[in-house]
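What follows is each chain in one-letter form.
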Amino acid sequence: HDFSFNPKDERLPREQLLENIRGCDAVMSMMTDTVDAEFFEAVGPQLRVVSNFAVGFDNMDLEAATRHGVYLTNTPDVLTETTADTAWALLMAAGRRLGEAERYLRSGQWRQFSPALLLGVDVWGKTLGIFGYGRIGAAVARRAQAFKMRVIYHKRDRLPEAEENALGLHYVDKATLLRDSDFISLHCPLTPDTRHAFGPEEFAQMRKNAVIVNTARGPVIDEAALVEALQSRRIFAAGLDVYEEEPKIHPGLLELENAFLIPQLGSATQDTRDRMAGAVMNNIEAALQGKRPPNLLNEALA
Ligand code: 8YV
């Protein structure tokens, strides 16, 4: 196929993007691209597939795509374990104050061993709450077994009991998840229902030593409410990979020692990004050959 791409490692202005993709049969999109009716109209009626370089697809309008007869695809599975590793890295770093500790050491403040220096919270043996138990949530839960943790979860559709027992999981409602978790890791998609699922009311119900981890999507957390909960020590810490208005970070978060912050690195390993690129291309190739793409999202077109 003929192809063109944006050689700069930066986002194109919307108008230029729409101009550049005009006439294409297939487009690879990033989660920062809004793939909506305007997008499909700009590309033209020959467009067959938009292949998202991400598992999350809250940037895409499924109904509009189906109306335009365009396949939408994503990259599930290939990034599950890597993203679960990232969630765990954040959980450990926030719970054990590793960001703060590194800043302390590098700034030359460390003089001697001190029994009460930078005390964190234990991870092992505590209760982990998984909010949104899909592929990545399950991979995060599996890792918790090695830490002898109790794992509770909340999702829209409860798993079959036999599966819960086999995995050593306990289903709870949201209020119980908030009340009983020492660590909460978010793994739901961003939808109108999950936007600001964690706000002032939720933080008020969490444990005083709770740690919240977000590798899902920024707007699942009301960032202003999180800043307030961290500032007032209502909760212990947060480990964040995603933000409400990326790449802008709430100024309050930047000032807080108990917020461990990384820039959307959930799936950022060479191997996983290579696998994601492979999945993107397989989806495009199948669509261009008139076949059903392996990771088709709009089932109505299957
Ligand atoms: C990436 C992700 O870090 O796949 C997703 O939905 O959020 C992560 O894999 C990034 O979004 C890649 O575009």
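The structure under discussion appears in the preceding block.
The rules behind the values
- Residues numbered from 1 in each chain as written.
- Predicted model: local features only at pLDDT ≥ 70, side-chain atom pairs only at ≥ 80, totals over all residues.
- Heavy atoms only, no water.
- Near = heavy atom within 4 Å.
- Polar contact = N/O pair within 3.5 Å; in protein donor to acceptor, adjacent residues only side chain to side chain.
- Areas by Shrake-Rupley, 256 points an atom, 1.4 Å probe, with all protein chains shown as cover.
- Nonpolar A, V, L, I, M, F, W, Y, C, P; charged D, E, K, R; others polar.
- 1 Å grid on protein atoms, 1.4 Å probe; cavity = no way out; pocket = protein on both sides within 12 Å on 5 of 7 lines; lining within 4 Å.
- Points joined across faces, edges and corners; volume = space filled by probe spheres on them.
- Pairing = 2+ DSSP bridges.
- Helix = DSSP H or I, 4+ residues; strand = E, 2+ residues; numbered from the N terminus.
- Axes fitted to C-alpha atoms, helices over the stretch in contact; angles between N-to-C directions.
- Contact = heavy atoms within 4.5 Å.
- Phe/Tyr/Trp six-rings, centres within 6.5 Å; stacked < 30°, edge-to-face > 60°.
- Buried < 20%, exposed > 50% of the residue type's maximum accessible area, 1.4 Å probe, protein only.
- Lys NZ or Arg CZ within 6 Å of the ring centre and 35° of its normal.
- Core = buried A, V, L, I, M, F, W, Y, C linked by side-chain atoms within 4.5 Å.
- Salt bridge = Lys/Arg side-chain N within 4 Å of Asp/Glu carboxyl O.

Participant: Please give an account of the site of the ligand that cites residues and values.
Facilitator: Close to the ligand lie Met-31, Phe-53, Ala-54, Val-55, Gly-56, Leu-79, Arg-217, Gln-264, Ser-267, Arg-273 and Met-276. Here an oxygen atom of the ligand sits 2.7 Å away from a polar atom, N or O, in the main chain of Val-55. The side chain of Arg-273 places a nitrogen or oxygen atom 2.9 Å from an oxygen atom of the ligand. Taking 320 Å² as the accessible area of the ligand by itself, protein coverage stands at 91%. Broken down by class, the residue content of the shell around the ligand amounts to six nonpolar, three polar and two charged.

Participant: Please provide a residue-by-residue account of the layout of surface pockets, values included.
Facilitator: Counted as a void, the second largest pocket has a volume near 350 Å³. Around the second largest pocket, the lining comprises 18 residues; the ones closest to its centre are Asp-58, Leu-190, Arg-217, Pro-219 and Glu-244. Residue classes in the lining of the second largest pocket are distributed as six nonpolar, five polar and seven charged.

Participant: Describe the sheet that holds strand 6 (residues 169-171), with residues and values.
Facilitator: The seven strands are arranged 6-5-4-7-8-9-10 in an open sheet whose pairing can be described as parallel. Among the strands making up the open sheet, the edge pair consists of strand 6 and strand 10 (259-261). Averaged over all pairs of adjacent strands, the angle between strand axes in this sheet comes to 20 degrees, irrespective of strand direction. Taken together, the four bridges between strand 4 (residues 127-131) and strand 7 (residues 183-186) define a ladder with parallel strand orientation. Across the sheet, the residue bridging to Gly-129 is Ile-184, located in strand 7. In the packing of helix 4 (residues 80-95) onto the sheet, contacts are made with strand 4, strand 7, strand 8 (211-214), strand 9 (237-240) and strand 10, and the angle to strand 8 comes to roughly 150 degrees.

Participant: Please give an account of the packing of aromatic side chains that cites residues and values.
Facilitator: Inspection of the entire model under this criterion finds six aromatic pairs. Centre to centre, the rings of Phe-3 and Phe-5 are 6.2 Å apart; their planes meet at 25 degrees, and the pair counts as stacked. What makes Phe-3 exposed here is its relative accessible area of 70%. An aromatic cluster of three or more residues is present, and its members are Tyr-133, Tyr-153 and Tyr-171. A cation over an aromatic ring shows up here: Lys-174 above the ring of Phe-198, its NZ or CZ 5.5 Å from the ring centre.

Participant: Run through the nonpolar core, naming residues and quoting values.
Facilitator: Formed by 38 residues in total, the largest nonpolar core has its most connected members in Trp-88, Leu-128, Ile-130, Tyr-133, Val-140, Phe-183 and Val-211. Every residue in contact with Trp-88, bar those within four places of it in the chain, is listed here: Val-123, Leu-128, Val-140, Arg-143, Ala-144, Phe-147 and Met-149. The next biggest cluster of nonpolar side chains, apart from the first, holds 30 residues, and it includes Ala-197, Ile-221, Leu-230 and Ala-259.

Participant: For empty space enclosed by the protein, give the residues involved together with the corresponding values.
Facilitator: Within this structure, the stated rule accounts for two cavities of 30 Å³ or more. Of the volumes computed, that of the largest cavity is approximately 70 Å³. Lining the largest cavity are 13 residues, with Ala-93, Glu-257, Asn-258, Ala-259 and Phe-260 sitting closest to its centre. Those elements giving two or more residues to the lining of the largest cavity turn out to be helix 4, helix 5 (98-106), strand 9 and strand 10. Tallying contributions element by element places helix 5 first for the lining of the largest cavity, with four residues. For the lining of the largest cavity, the class distribution of residues is seven nonpolar, two polar and four charged. If you add up the space inside the second largest cavity, you get close to 30 Å³. For the second largest cavity, the full set of lining residues is Ala-94, Arg-97, Glu-100, Arg-233, Phe-236, Ala-237 and Asn-258. When the residues that make up the lining of the second largest cavity are grouped by side-chain class, the tally is three nonpolar, one polar and three charged.

Participant: Break down the pattern of salt bridges for me, citing the residues and quoting the values.
Facilitator: For the coordinates displayed, the defined rule picks out 17 salt bridges. Measuring nitrogen to oxygen at the nearest pair gives 2.8 Å for the salt bridge that ties Arg-143 to Asp-85. Remark: Asp-85 occurs in helix 4 and Arg-143 occurs in helix 6 (residues 135-146); sequence separation between them is 58 residues. Lys-174 is the salt-bridge partner of Glu-202, the closest N and O atoms lying 3.0 Å from each other. Taken together, the residues Glu-202 in helix 9 (residues 200-205) and Lys-174 in helix 8 (residues 174-180) connect sequence positions 28 residues apart. Judged by relative accessible area, Glu-202 falls into the buried class, the value being 13%. Among the charged side chains, a network of salt bridges with common partners joins Glu-81, Asp-85, Arg-142 and Arg-143.

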